[in-house]
Amino acid sequence: MTAQPAQTATTAPTAQTATTAPTATTARTARRLTLGALVHGSGGGHIAGWRHPDARPEGQLDFPFHADLARTLERGRFDALFVADADAVRGHPLDSLSRTARAGRFEPLTLLAALALVTEHIGLAATATTTYHHPFHIARKFASLDHISSGRAGWNVTASVAPPEAAGSARDSHLEHELRYRRADEFVRVVKALWDSFDDDAPVRDKATGRYYDPAGLRTPHHEGEHFTVRGPLNISRPPQGHPVVFQAGSSQTGREFAARHGEVLFTTQYELGAAQEFYADIKARAAGHGRDPAHVLVWPGLTPLVAATESDARRRLSELQDLIHDDVARRIVQEGIGDLDLSEHPLDGPLPEIAEGNRGNRGNSRRELLLKLAHDDGSTIRRLAGRIAASTTVAGTPEQIADHIETWFRERAADGFNIAFPYLPGPAEDFVDHVVPLLQRRGLLRTDYEGTSLRENLGLPRPALGARHLQESGR
Ligand SMILES: Cc1cc2nc3c(=O)[nH]c(=O)nc-3n(C[C@H](O)[C@H](O)[C@H](O)COP(=O)(O)O)c2cc1C
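Everything numeric here is computed off the predicted structure, so don't read it as measured data. (Residues numbered from 1 in each chain as written. Predicted model: local features only at pLDDT ≥ 70, side-chain atom pairs only at ≥ 80, totals over all residues. Heavy atoms only, no water.)

Caption draft 1: Just the overall build of the protein chain, in detail. Of the regular secondary structure elements, the protein chain holds 17 helices and 15 strands. For the protein chain, with 476 residues in total, the buried portion stands at 56%. Residue pairs at least 24 apart in sequence account for 79% of intrachain contacts in the protein chain once pairs closer than 6 positions are excluded. Per element, the accessible surface of the protein chain, about 19,400 Å² overall, is 51% carbon and sulfur. (Helix = DSSP H or I, 4+ residues; strand = E, 2+ residues; numbered from the N terminus. Buried < 20%, exposed > 50% of the residue type's maximum accessible area, 1.4 Å probe, protein only. Contact = heavy atoms within 4.5 Å. Areas by Shrake-Rupley, 256 points an atom, 1.4 Å probe, with all protein chains shown as cover.)

Set out below in structure tokens:
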């Protein structure tokens, strides 16, 4: 696949979208575009975005700033907002850390619980790693968030990409990739069983008989497996959604299998239509192979929209952002994207050095291979590669051009929706909601109001049936 540099919407196939323009009816009855937003105080869509003159990096640890953003997204009828996370500061070691906005973030579940109180409809999703947590704690926290938000919780299941997370959990080394996913699989199965600890109608709270819950509705999951021994029940009744919505972002072969088995909303980083279509088809086929309805596995590529009045304005705005990437950061993001290599002695305007196979680090494989291919195929310099990574999913253009891009990817089955990461905040989020969302609504792609009360209902996902009454496993 050939990754594109940050796209200006001049590349958006306007003519193609014009011929495939939908009628409102077919758009609504067949498939409906769904939208999520990555919420990071500084935007999250561009590493240097926090330095933009209109950015408000102080908002990163400011709750009212997040509350305003959540309400803006709700005004734009976003299905969900999403808080990414790692149990470490990504961007270690310290050479570039002081130059990014990565070291100031809220703990996601605390933030989402607070946001639940100032919003009514938007889904609230966060990452929690299966590599450095325990299933009981995660099941309990997301069940709690689902109750607090009346059915709007989502869990992004990650097996952890960042090696520094190991140190944060007092481990000497990061678990190996395959092992991480094996552990993740067991973890998710245990969490789902714990969420099913009680039948939906088990809590009767009958003052007359003195029964808080009906004992016939207790399921007492008990699990003994390769990684965990867990005795239920959970100390909270079944979440309003049955299970909070499971988000996932696996992209390696193992990761995709895992995503297709468990994920309901799948994040993916895609740079061009053909490769995104391949990923989409592959995931849907794998999901069907696991006996799942592919329509219940939503694929959300990342997108960083930079809305401008004209095309030339869009190009200018994008290059302004790229110019804000400090040299230390440029080196570090290439280094981080590819693996454990030291670029400190290499000039930024020179080529990426060859990397020995054995020295490629214990990270996710797919993105690294993509970046290596990119660097070596077109002889890119380290600085250009950094610019491409920083703006890899950016589409800069007029509202029509950005809507065209979204519509094309949706119609051409490269996406069921998008995970929008704004280049900085709050301006670009307001621009998107005020100028792009109305176009998507007018084209019949996006609903004009929330239809359901839970995140599941809004996404068109079914409520999971209760699992087996007793999960009694010996997983080895
Ligand atoms: C939009 C998006 C968000 C992600 N969020 C996180 C995150 O919050 N924490 C994390 O450790 N990994 C995160 N990841 C990484 C994925 O979980 C996954 O490890 C990565 O895509 C590589 O795939 P692989 O594990 O199959 O190699 C994210 C990936 C994407 C595309």
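Caption draft 2: Summary view of helix α12 (residues 327-338). Between its first and last C-alpha, α12 extends 17 Å over twelve residues, near the 16 Å set by a 1.5 Å rise per residue. In terms of burial, α12 is largely enclosed, as ten of its twelve residues are buried. Among all positions of α12, only V329, A330, R331, R332, I333, V334, Q335, E336, G337 and I338 are buried. A positive backbone phi angle near 145° is found at G339, which sits one or two residues after α12. (Expected span 1.5 Å × (residues − 1).)

Caption draft 3: Focus on empty space enclosed by the protein. In total, this model carries three cavities of 30 Å³ or more according to the counting rule given. What the second largest cavity holds in volume is close to 50 Å³. Taken together, the elements giving at least two residues each to the lining of the second largest cavity come down to β12 (298-307) and α15 (399-411). Top element by residues in the lining of the second largest cavity is β12. It accounts for three residues. Per-class residue counts for the lining of the second largest cavity are six nonpolar, five polar and no charged. (1 Å grid on protein atoms, 1.4 Å probe; cavity = no way out; pocket = protein on both sides within 12 Å on 5 of 7 lines; lining within 4 Å. Points joined across faces, edges and corners; volume = space filled by probe spheres on them. Nonpolar A, V, L, I, M, F, W, Y, C, P; charged D, E, K, R; others polar.)

Caption draft 4: Highlighting the site of the ligand. Of all residues adjacent to the ligand, which total 21 residues, the nearest are D85, T127, Y181, A249 and S252. Take H177: an N or O atom from its side chain is 3.1 Å from an oxygen atom of the ligand. Here an oxygen atom of the ligand sits 2.7 Å away from a polar atom, N or O, in the main chain of A249. Burial of the ligand by the protein amounts to 87% of the accessible area it has alone, namely 610 Å². Within the residue set of the shell around the ligand, elements represented by two or more residues are β5 (153-158) and α8 (177-195). (Near = heavy atom within 4 Å. Polar contact = N/O pair within 3.5 Å; in protein donor to acceptor, adjacent residues only side chain to side chain.)

Caption draft 5: The arrangement of helix α6 (residues 135-148) in detail. The terminal C-alpha atoms of α6 lie 20 Å apart, and with 14 residues this matches the ideal 20 Å at 1.5 Å per residue to within 8%. Buried residues of α6: P135, I138, A139, F142, A143, L145 and D146, and no others. The buried residues of α6 occupy one face: seen down the axis, they fall within an arc of 160°. Looking at the buried positions of α6, the neighbouring elements they touch are α5 (108-118), β4 (123-129), β5 and α8. Positioned one or two residues after α6, S150 has a phi angle of 55°, which is positive. (Arc of directions from axis to C-beta.)

Caption draft 6: Main features of the pattern of salt bridges. Within the structure shown, the criterion is met by 26 salt bridges. Its salt-bridge partner being D185, residue R261 comes within 3.1 Å of it at the nearest N-O pair. In this pair, R261 sits in helix α9 (residues 253-262) while D185 sits in helix α8, placing the two residues 76 residues apart along the sequence. Where R238 meets D196, a salt bridge forms, and the shortest distance between an N and an O atom there is 2.9 Å. Of this pair, R238 sits in the loop between β9 (229-231) and β10 (245-248) while D196 sits in the loop between α8 and β6 (203-206), and the two are 42 residues apart along the sequence. Each of the salt bridges in this network shares a partner with another, and the network as a whole consists of D196, D200, R238 and R463. (Salt bridge = Lys/Arg side-chain N within 4 Å of Asp/Glu carboxyl O.)

Caption draft 7: Representation of the packing of α15 against helix α16 (residues 427-442) within the structure. Packing of α15 against α16 brings their axes to within 9 Å, and their N-to-C directions diverge by 55°. If you check the angle between α15 and α16, you find them oblique. The element α15 and its partner α16 pack so that their crossing is right-handed. Taking contact as the criterion, the partners of P399, E400, I402, A403 and I406 in α15 are, on α16, F432, H435, V436, L439 and L440. (Axes fitted to C-alpha atoms, helices over the stretch in contact; angles between N-to-C directions. Parallel < 35°, antiparallel > 145°, perpendicular 65-115°, else oblique. Left-handed = near helix turned anticlockwise from the far one by under 90°.)

Caption draft 8: Representation of the pairing of β4 within the structure. Among the seven residues of β4, seven are classified as buried, and the element is accordingly described as predominantly covered. Here strand β3 (residues 80-83) pairs with β4 via four bridges, running parallel. Each bridged residue has a counterpart across the sheet, and for L81 the counterpart in β4 is L124. In terms of strand pairing, β4 meets β5 through six bridges, oriented parallel. Each bridged residue has a counterpart across the sheet, and for T127 the counterpart in β5 is N156. Traced from β4 through α6 to β5, the parallel crossover comes out right-handed. (Pairing = 2+ DSSP bridges. Right-handed = clockwise from strand over helix to strand, strands pointing away.)

Caption draft 9: Spatial organisation of the side chain of T130. The residue T130 is located in the loop between β4 and α6 in this model. Residues within four places of T130 in sequence aside, it is in contact with W155, V157, T158, A159, R183, A184 and F187.

Caption draft 10: Structural view of the pairing of β10. Side chains of β10 alternate between two faces, with V245 and F247 and V246 and Q248 buried alike. Note: β5 against β10, four bridges, orientation parallel. Bridge pairing links V157 to Q248 in β10. With two bridges joining them, β10 and strand β11 (residues 265-268) adopt parallel strand pairing. Bridged to F247 within β11 is V265. Traced from β10 through α9 to β11, the parallel crossover comes out right-handed.

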